[in-house]
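Okay, here's what each chain looks like letter by letter:
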Amino acid sequence: MDMQTWRDGRARAEDATKALREALAALGVPERVQEHLRPMVTRTGRPYVHVGTVRADHIEQIAEALRIAAAVGNPAARSERA
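In short, a report on the structure. Being a predicted model, the structure only gives us computed values, none of them experimental.

**What to know about the side chain of T17**
Inspection of the secondary structure puts T17 in helix α1 (residues 3-27). Setting aside residues up to four positions removed in sequence, T17 forms contacts with L37, R38, P39 and V49.

**A look at the nonpolar core**
In terms of nonpolar packing, the biggest core is built from 5 residues, these being L24, V29, V33, L37 and V54. Ignoring any residue separated from it by four or fewer positions in sequence, one finds V54 in contact with V33 and I59.

**Examining the pairing of strand β2 (residues 47-50)**
Regular strands place side chains that alternate from one sheet face to the opposite one. Strand direction decides the pairing type here: strand β1 (residues 38-41) and β2, joined by 4 bridges, are antiparallel. When the sheet's bridge partners are listed, M40 is paired in β2 with Y48. Counting the residues between successive antiparallel strands, the hairpin from β1 to β2 contains 5 residues, one of them, G45, with a positive phi of roughly 95°.

Criteria and cut-off values
- Residues numbered from 1 in each chain as written.
- Predicted model: local features only at pLDDT ≥ 70, side-chain atom pairs only at ≥ 80, totals over all residues.
- Heavy atoms only, no water.
- Helix = DSSP H or I, 4+ residues; strand = E, 2+ residues; numbered from the N terminus.
- Contact = heavy atoms within 4.5 Å.
- Core = buried A, V, L, I, M, F, W, Y, C linked by side-chain atoms within 4.5 Å.
- Buried < 20%, exposed > 50% of the residue type's maximum accessible area, 1.4 Å probe, protein only.
- Pairing = 2+ DSSP bridges.

Dropping the structure here:
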């Protein structure tokens, strides 16, 4: 992999990590949980966010927020939940 590929992948991973931190903060997830998030780049340049180990209650909070977001974006899901 060339350096530009790595840089591009790193930038995407950092942006995704920042976006996830902001979303978790909006949910009220403690900063100590957000600190475990790490941008990563594979040897092929593919960007990832390492989440690490997160307490079950925080995952439940995240899952509920995702369900709500999915329902807002999907009218069929709203009618199924009603």
